[in-house]
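# Structural overview for review
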Amino acid sequence: MKIMKFGGTSVGKPQRMHEVARLITTGNEGKIVVLSAVSGTTNSLVAISQQLAKGDRHAAKALIGDLRAQYDAFVPELVQTAAAREAAAAILHEHFDFLSIILRISWSEALNKDILAQGELLSTKLFSTYLTEQGIAHALLPALDFMRIDAYEEPQLDTIRELLQAQLAQHRDTTLFITQGFICRNARGEVDNLKRGGSDYSASLMAAAITASVCEIWTDISGMHNNDPRVVERTVPIGQLSFDEAAELAYFGAKILHPASIWPAQQYRIPVRLLNTMEPSAPGTLITQVAAARGAKAIAAKDGITAVNIKSSRMLLAYGFLRKVFEVFEKNRTSIDMITTSEVAVSVTIDNDSALPEILEELAAFGTVSTDGGQTIISIVGHAVASDTSMLQRIFSSLEGVEIRMVSYGGSLHNISLLVDADKKKEVLQRLNKGVFNL
Ligand SMILES: Nc1ncnc2c1ncn2[C@@H]1O[C@H](COP(=O)(O)OP(=O)(O)OP(=O)(O)O)[C@@H](O)[C@H]1O
Ligand SMILES: N[C@@H](CC(=O)O)C(=O)O
């Protein structure tokens, strides 16, 4: 059995859903098809929720009206028969009814999660209606019945496996299943999600739960490219990556994959394929345990980084200082990406500044603390890239004149990272494309 995950753009138009139906009905292997919300829907739901949180019901209502109009136009192009249109109208009625009820109740974090879940519920139900209209046998599996996260928002893979297997066992004669990405239930039993872009993570967790033959991630580009195609003009697809390389790229900003989506596949040795719905015959990228080649494969950029600098003469010849610093971040559940130290100073970077005031207050006990916001981590990733003896020279000569705030080299053989001001990101990515890949 395999997993096929289709992202927002792959289900973003009725014609694209028709194309997805063709793709999932080729071959005899059983499939669990994981869908994202129609592209733009989750952004709209976030905006609706934000207006409600601010108490602006009028603005929220207008946004709900706009979203409804988009779905009203979507349905007649998706399905043709009266029965299917009636079924689709009932689905819209149910979910937009919910969205009108929320205008009358007070906002809470739990309600926010319920609002965000509507996108994947709508896309899967509408897609299922189309499959039914086409006479394609399938079962719609409610992800809320088997996707689980714990109190620390970590997926509970064993529980997911047990619950998903129980669901599949109820449909022994079915070989095609449709389910929602992104959404899950939390430790309190409430509707929750795996964070933005989390449908990839859902797919990989499901692949691990059923030990799938492959986890296919279908999107709008033919595989992982060597650089961010949104920023750099000339980029090329990468045929093969190891799990370690893909994980580093996803974590350090390659948007095509959710950062956490590699570990479940890697743990259960399930190959991951990145494929293009718009060009299904393109080879895309295959991600497996081993790296096919050494050297730089791709460059990624991670935005929204803050550097925290601690200067202290007490650090001089002292031991245990770094442990105390790290404990502050651990206590505040904030992970560190890059670190550099000298004998009297340490700088670390974080991508989540929600606990920054608490962290700064606690660090002040150790020395002088300062921060630099608006930073970007640029990572050059590839198997053993750090042991390529000409790599550092190529990186630095292509970046001559650009101020580099931090360098991480040697922590991982597969990654060289630089911290630069966010407004230098585009220039750095472009210059490295030439310097590292000759493109
Ligand atoms: N290195 C890279 N290689 C390929 N695509 C990249 C890379 N870096 C950024 N991207 C962007 O990632 C996009 C695909 O990811 P995206 O998350 O938008 O897909 P999606 O199929 O809409 O999925 P979802 O709805 O689940 O988020 C591409 O359109 C591309 O612009
Ligand atoms: N719909 C969610 C999840 C996903 O598409 O992967 C989002 O836009 O973030």
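The structure contained in this document is the topic of the report that follows.

Definitions and limits used
Residues numbered from 1 in each chain as written. Chains lettered and ligands numbered in written order. Predicted model: local features only at pLDDT ≥ 70, side-chain atom pairs only at ≥ 80, totals over all residues. Heavy atoms only, no water. Core = buried A, V, L, I, M, F, W, Y, C linked by side-chain atoms within 4.5 Å. Buried < 20%, exposed > 50% of the residue type's maximum accessible area, 1.4 Å probe, protein only. Helix = DSSP H or I, 4+ residues; strand = E, 2+ residues; numbered from the N terminus. Contact = heavy atoms within 4.5 Å. Pairing = 2+ DSSP bridges. Axes fitted to C-alpha atoms, helices over the stretch in contact; angles between N-to-C directions. Near = heavy atom within 4 Å. Polar contact = N/O pair within 3.5 Å; in protein donor to acceptor, adjacent residues only side chain to side chain. Areas by Shrake-Rupley, 256 points an atom, 1.4 Å probe, with all protein chains shown as cover. Nonpolar A, V, L, I, M, F, W, Y, C, P; charged D, E, K, R; others polar. Arc of directions from axis to C-beta. Salt bridge = Lys/Arg side-chain N within 4 Å of Asp/Glu carboxyl O.

Here we come to the nonpolar core. Counting 95 residues, the largest nonpolar core has I3, F6 and I24 as the members making the most contacts within it. A per-element tally of this core places helix 5 (residues 109–133) first, with 10 residues. Excluding its chain neighbours within four sequence positions, the residues that come into contact with F6 are V11, V20, L23, I24, V33, V34, L35, S36, W218 and T277. Listed in part, the 20 residues of the second largest apolar core include A386, L399, V436 and F437.

This brings us to the sheet that holds strand 2 (residues 31–35). Think of a sheet as strands paired side by side through backbone hydrogen bonds, with each pair either parallel or antiparallel. If you trace the eight strands from one edge of the open sheet to the other, you get 3-4-2-1-7-9-10-8, paired in mixed fashion. This sheet does not close on itself; its edge strands, each paired only once, are strand 3 (139–141) and strand 8 (240–242). Adjacent strand axes in the sheet meet at a mean angle of 20° when their direction is disregarded. Here four bridges tie strand 1 (residues 2–6) to strand 7 (residues 215–219), and the two strands are oriented parallel to one another. Counterpart to F6 in the pairing with strand 7 is W218. On top of the sheet, helix 1 (residues 14–24) reaches strand 1, strand 2, strand 4 (176–180) and strand 7; it is set at about 170° to strand 1, its chief contact. Across the face of the sheet, helix 6 (residues 157–169) comes into contact with strand 2, strand 3 and strand 4 while running at roughly 160° to strand 3.

Quick look at the site of ligand 2 now. All residues in the neighbourhood of ligand 2 are listed as S36, A37, T42, E120, F182, R196, G197, G198 and S199. Taking G198, its main chain carries an N or O atom lying 3.4 Å from an oxygen atom of ligand 2. S199 places a polar side-chain atom, nitrogen or oxygen, 3.0 Å from an oxygen atom of ligand 2. When ligand 2 is considered free in solution it has 260 Å² of accessible area, and contact with the protein chains removes 87% of it. A breakdown of the residues in the shell around ligand 2 according to their chemical character gives two nonpolar, five polar and two charged.

On to helix 12 (residues 391–398), then. When helix 12 is considered as a whole, its buried residues turn out to be M391, I395 and S398. Along helix 12, the residues classed as buried sweep out an arc of 80° about the axis, all on the same side. Considering only its buried residues, helix 12 is in contact with strand 14 (368–381), strand 16 (415–421) and helix 13 (425–437).

This paragraph deals with the sheet that holds strand 14. Taken together, the six strands give an open sheet; going across it, the order is 12-13-11-14-16-15, and neighbouring strands pair in antiparallel fashion. Each edge of the open sheet carries a strand with a single partner, namely strand 12 (336–341) and strand 15 (406–412). Put simply, the sheet's adjacent strands are angled 30° from each other on average, direction ignored. In this structure, strand 11 (residues 298–311) lies alongside strand 13 (residues 345–350), joined through six bridges in antiparallel fashion. Residue pairing for strand 13: V308 is matched across the bridge by V348. In the packing of helix 12 onto the sheet, the strands contacted are strand 14, strand 15 and strand 16, and the crossing angle to strand 16 comes to about 15°.

Side chains bearing opposite charge may pair, as long as their charged atoms lie close to each other. What the rule picks out here adds up to 20 salt bridges. Across the pair K113 and D192 runs a salt bridge whose closest N-O atoms are separated by 3.1 Å. Of this pair, K113 sits in helix 5 while D192 sits in strand 6 (residues 191–193), placing them 79 residues apart in sequence. Considered together, K113 and D192 belong to a single accessibility category, that of buried residues. D228 serves as the salt-bridge partner of R230, at 2.7 Å between the closest nitrogen and oxygen. Given a relative accessible area of 10%, D228 falls into the buried group.

Turning our eyes to something else, we now look at the site of ligand 1. Residues in contact with ligand 1 amount to 18 residues; listed here are only the nearest, K5, G8, D220, H225 and K255. Backbone polar atom of G8 to an oxygen atom of ligand 1: 2.6 Å apart, as the coordinates give it. Interatomic distance of 3.0 Å between a side-chain N/O atom of S36 and an oxygen atom of ligand 1. Starting from 640 Å² of accessible surface for ligand 1 in isolation, the protein chains cover 86%. For the shell around ligand 1, the class distribution of residues is five nonpolar, eight polar and five charged.

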